[in-house]
Amino acid sequence: MNKKTAPKGDMGQAGMANAVRALAMDAVEAAKSGHPGMPMGMADVATVLFGEVMRYDASDPAWPNRDRFILSAGHGSMLLYALLHLTGTPGMDLAQLMKFRQLGAKTAGHPEFGHAAGIETTTGPLGQGIANAVGFALAERIWNARLGSDVIEHRTYCIAGDGCLMEGISHEAIGLAGHLGLGRLIVLFDDNGISIDGPTNLSTSENHIERFKAAGWNTLSVDGHDPVAIKAALGAAHGDTSKPWLIACKTVIGIGAPKKQGTAGAHGSPLGPDEIKGTREALGWPHAPFVIPAAIASAWRAAGARGAAERKAWAERWAKVDAQARARFADPLGGDGRQLLVAAIKAAKTTFAADTAKRATRNWSELTLDKITVALPALVGGSADLTGSNNTRAKGQAVIKRDDFAGTYIHYGIREHGMAAAMNGMALYGGLVPYGGTFLVFTDYCRPAIRLSALMRQRVIYVMTHDSIGLGEDGPTHQPVEHLASLRCMPNLQVFRPADAQETAECWELAVLSQQTPSILALSRQAVANLRMAASSENLSAQGGYVLRAPTAKRDVTLIATGTEVGLAVDAVEVLAKAGIHAAVVSLPSFELFRKQPASYREDVLGVAPRIAIEAAVMQGWQEWLRPADRFMGLSDFGASAPAPELYAHFGLTVEAIAATATALAGAKPK
């Protein structure tokens, strides 16, 4: 056990830090669960940061030019909650701390965006926060380039622990930040040498200082319990913005706890009454649970108000900024943004309606982006080293690079997970609609960040191409047969699989307009025919599903399909018509939006006739639209390596096979 002692007393800076420690251990004890060790260990660092260094005004937690604070080590949530309470952030009263981890409280086990002012992002899954912080820092540079340093210029601080830095996503995040030179990003590493299993040397021997240096960061090491050294390190970081900063703060987890400090026992469970009694004695903190002396409470409130004058002066400068720019900072579709988007989509659909060429939906997506990125500068795109395959870079999009953040396109490199988490940070920052591309199969690499997009209700658009066995020769390692099903089962996530040019443009419109829902655009590698040769003023895809082809007589069978398989269904209708079978085709680009339609609409679209669902993927999820006697045509196993037409034939996804199945199900035989 580490014998280092904590700063003692209930006065001055030591008292301010010990107030954080006391609230953390008291709240965890009251909840009978939680993580007291990290907040206690990082209390001195946090007190210097919030008490003297960070730019913020607790009375206005949404001040656009505030410094951002990301608690990547989200298990230590009581550190953040204590700071928000002590500084006087609206809504974080003492009652919320006393209800820590209870149903309906703002003080969830891990910080959750939207629960309380001052929580910039949802953290807890280790490593997500540091990657979010890269997105915040990148967004700050983008807005700085657009509005100027008088309006937007601030820092992003992130507290990360050993667990965050062990996670693979941290490697992706620090590599991107170093490459872009995000010098206003400062990571404070809680270097306590303890993980759940025990000392970190059980599982790692990494030298994080050298690792960050190799990634292009500035680095410093300090005693995390020495306020003077901490403030000096932060001052050094402020003095050099050529690179991002890692400040490794050597701390003792649970410092002050007489038996548990410096051990895994302080990490993830209450200290217990006897240990808390001993901790109070060691800290010189004689006060009852949740009681903060008036002098300390006053000092913290004064710290929370330090930035008030600066915020007011900034507000005067902000008022002089162009009204359209201010509106778009508050809402990417603010000002005339929505009207310009709708007009751009209309123009795209009109152009596409006159185009008889067969193109992959990824190409139709690119042509849509050519229109909407001009109309909506809030769209900031990118790809995980697949720009030419994902078709995510529109004409005229300049590339964002070190020292030049005026562009709207990012080369994320082969960092799918880091890309997705950084996009979450950019969306949370505000005023931007990030989109990024990779292959649909690699949503597996992005999934934890996609889940947080959905949980936080953020408008992040995932452009996922090569969406089926139709990608062909790359084979089953790259063919996403189960991914549509796995994504469709995630709450608050829209999965779009458009069938042609018109639907692709419509799905882009829906994704951009979805303020509180992230979207997946599942796009094909193989070319498809345009199925709707008229530019409807209505967004038919907004209904989730609709009748694309209706028979002239009573339906004998309904063919339901998504994406590239809709074209197969349309062709099968012609074969069936020759056999005297009246078939309808339903295009179902979004299960989620179709589910939201009235039951009567869904019943009218699907009809009472036998149904056949067709998708080059597994069946899971389709049972919602099929009855026991209906049929599914798709895959039940992984794909194979071969040209796409051969694969479709091999797996029975052909016009002839669909017609034969429909004929059998309709109870008739071809003439």
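Since this is a predicted model, take the numbers as computed values, not measurements.

A. Representation of the overall build of the protein chain within the structure. A count of helices and strands for the protein chain gives 26 helices and 20 strands. In terms of overall dimensions, the protein chain is globule-like: its C-alpha atoms have a radius of gyration of 28 Å, near the 26 Å expected for 671 residues. Residue pairs in contact within the protein chain that sit at least 24 positions apart in sequence constitute 77% of those at least 6 positions apart. In the structure as shown, the protein chain presents an accessible area of about 24,000 Å², 54% of it carried by carbon and sulfur atoms.

B. Seen up close, the side chain of Thr107. Here Thr107 lies in the loop between helix 5 (94-98) and helix 6 (128-147). Side-chain polar atoms of Thr107 contact the backbone oxygen of Gln96, separated by 2.7 Å. Apart from the residues lying within four places of it in its own chain, the contact partners of Thr107 are Tyr81, Met92, Gln96, Leu97, Lys99, Phe100 and Arg101.

C. Spotlight on the sheet that holds strand 1 (residues 68-71). Read from one edge of the open sheet, five strands run 1-2-3-7-6, paired in parallel fashion. Across the chains shown, the open sheet's two edge strands, defined by having one partner strand only, are strand 1 and strand 6 (218-223). On average, each strand axis in the sheet is inclined to that of its neighbour by 20°, with strand direction left out of account. Across six bridges, the pairing between strand 6 and strand 7 (residues 245-250) is parallel. Each bridged residue has a counterpart across the sheet, and for Leu220 the counterpart in strand 7 is Ile247. Running over the sheet, helix 10 (residues 227-239) touches strand 2 (156-161), strand 3 (185-191), strand 6 and strand 7 and is turned about 170° from strand 6.

D. Quick peek at the packing of helix 1 (residues 12-31) against helix 4 (residues 77-87). Relative orientation of the contacting elements helix 1 and helix 4 amounts to 120°, with a least axis distance of 9 Å. Considered as vectors, helix 1 and helix 4 are oriented oblique to each other. Relative to helix 4, helix 1 is oriented so that their crossing is right-handed. Judged by residue contacts, Ala19, Val20, Leu23, Ala24, Ala27 and Val28 of helix 1 engage Met78, Leu79, Ala82, Leu83, His85 and Leu86 from helix 4. Across the contact of helix 1 with helix 4, the residue classes tally to 11 nonpolar, one polar and no charged.

E. Highlighting the packing of aromatic side chains. One pass over the full model with this rule turns up 19 aromatic pairs. Ring centres 5.5 Å apart and planes at 65° place the aromatic pair Phe50 and Tyr56 in the edge-to-face group. Pairing Trp622 with Phe632 gives two aromatic rings, centres 6.2 Å apart and planes at 40°, and the pair type is tilted. A residue pair is termed long-range when its members are at least 10 positions apart, and Trp622 in the loop between strand 19 (611-614) and strand 20 (631-633) and Phe632 in strand 20 qualify at 10 residues. For the pair Trp622 and Phe632, one class covers both residues: buried. Each member of the aromatic cluster is reached from another via a ring pair, and the members are Trp63, Phe136, Trp143, Trp314, Trp318, Phe329 and Tyr429. The ring of Trp364 has Arg359 lying over it, and the distance from NZ or CZ to the ring centre is 5.0 Å. Seen from the ring of Phe591, Arg488 lies directly overhead, with NZ or CZ sitting 3.8 Å from the centre.

F. Layout of the pattern of salt bridges. For the structure on display, the rule yields 25 salt bridges. Two residues, Arg459 and Asp331, come together in a salt bridge whose shortest N-O distance is 3.8 Å. Pair noted here: Arg459 is in the loop between helix 19 (443-456) and strand 12 (461-465) and Asp331 is in the loop between helix 14 (323-330) and helix 15 (337-353), with a separation of 128 residues, a long-range link. When its relative accessible area of 7% is taken as the criterion, Arg459 is described as buried. By relative accessible area, which is 26% here, Asp331 ends up partly exposed. Connected through shared salt-bridge partners, Asp57, Asp60 and Arg311 make up one network.

G. Region of the structure containing the environment of Leu103. Its location among the elements puts Leu103 in the loop between helix 5 and helix 6. Judged by relative accessible area, which is 91%, Leu103 ranks as exposed. Note: C-alpha distance between Leu103 and Gly37 (66 residues apart in sequence) is 23 Å.

H. Broad picture of the pairing of strand 18 (residues 583-587). Strand 18 sits mainly inside the fold: five of its five residues count as buried. By the alternation rule, side chains of strand 18 split into Ala583, Val585 and Ser587 and Ala584 and Val586, which are all buried. Bridge analysis of strand 16 (residues 546-549) against strand 18 gives three bridges, and the strand direction is antiparallel. Opposite Tyr546, over in strand 18, you have Ser587 as the bridge partner. Examined bridge by bridge, strand 17 (residues 557-561) and strand 18 share five bridges and lie parallel to one another. Bridge assignment links Val557 to a residue of strand 18, and that residue is Ala583. Handedness of the crossover is the feature at issue here: the chain leaves strand 17, passes through helix 22 (residues 564-578), returns alongside strand 18, and the resulting connection is right-handed.

I. Expanded view of the pairing of strand 19. Burial along strand 19 is two-sided: Arg611 and Ala613 facing one way and Ile612 and Ile614 facing the other are all buried. Sheet topology places strand 17 next to strand 19; four bridges connect them, and they run parallel. Its bridge partner lying in strand 19, Ile560 is registered against Ala613. Here strand 19 runs beside strand 20; their pairing, made up of three bridges, is parallel. Following the sheet pairing, Ile612 is matched in strand 20 by Arg631.

J. Spatial organisation of helix 24 (residues 599-606). Those residues of helix 24 lying buried are Tyr601, Val605 and Leu606. Buried residues of helix 24 fall within an arc of 120° about the axis and therefore sit on the same side. The exposed residues of helix 24 that point more than 90 degrees off its buried face are Glu603 and Asp604. Close packing links the buried residues of helix 24 with strand 16, strand 17, strand 18, helix 23 (591-595) and strand 19. A positive backbone phi angle near 75° is found at Gly607, which sits one or two residues after helix 24.

K. Seen up close, the sheet that holds strand 11 (residues 433-439). Spatially, six strands are ordered 10-9-11-12-14-13 in an open sheet, and the strand pairing comes out parallel. Two strands lie at the open edges of the sheet, namely strand 10 (409-411) and strand 13 (494-496), each paired on one side alone. When strand polarity is set aside, the average angle formed by the axes of neighbouring strands in this sheet is 20°. Pairing between strand 12 and strand 14 (residues 519-522): four bridges, direction parallel. Within the sheet, the bridge partner assigned to Met464 lies in strand 14 and is Ala522. Along the sheet, helix 19 makes contact with strand 11, strand 12 and strand 14, crossing strand 12 at roughly 160°.

L. Layout of the packing of helix 1 against helix 11 (residues 273-283). Closest axis-to-axis distance for the helix 1/helix 11 pair is 11 Å, and the angle between their directions is 175°. It follows that helix 1 is roughly antiparallel to helix 11 by the angle criterion. Mapping the contact onto sequence places Asn18, Arg21, Met25, Asp26 and Glu29 in helix 1 and Pro273, Ile276, Thr279, Arg280 and Leu283 in helix 11. When grouped by side-chain class, the residues that make up the contact of helix 1 with helix 11 number four nonpolar, two polar and four charged.

Rules and cut-offs
Residues numbered from 1 in each chain as written. Predicted model: local features only at pLDDT ≥ 70, side-chain atom pairs only at ≥ 80, totals over all residues. Heavy atoms only, no water. Helix = DSSP H or I, 4+ residues; strand = E, 2+ residues; numbered from the N terminus. Rg over C-alpha atoms; globule rule 2.2 N^0.38 Å. Contact = heavy atoms within 4.5 Å. Areas by Shrake-Rupley, 256 points an atom, 1.4 Å probe, with all protein chains shown as cover. Polar contact = N/O pair within 3.5 Å; in protein donor to acceptor, adjacent residues only side chain to side chain. Pairing = 2+ DSSP bridges. Axes fitted to C-alpha atoms, helices over the stretch in contact; angles between N-to-C directions. Parallel < 35°, antiparallel > 145°, perpendicular 65-115°, else oblique. Left-handed = near helix turned anticlockwise from the far one by under 90°. Nonpolar A, V, L, I, M, F, W, Y, C, P; charged D, E, K, R; others polar. Phe/Tyr/Trp six-rings, centres within 6.5 Å; stacked < 30°, edge-to-face > 60°. Buried < 20%, exposed > 50% of the residue type's maximum accessible area, 1.4 Å probe, protein only. Lys NZ or Arg CZ within 6 Å of the ring centre and 35° of its normal. Salt bridge = Lys/Arg side-chain N within 4 Å of Asp/Glu carboxyl O. Right-handed = clockwise from strand over helix to strand, strands pointing away. Arc of directions from axis to C-beta.

Remember, this is a structural readout, not a statement about activity or role.
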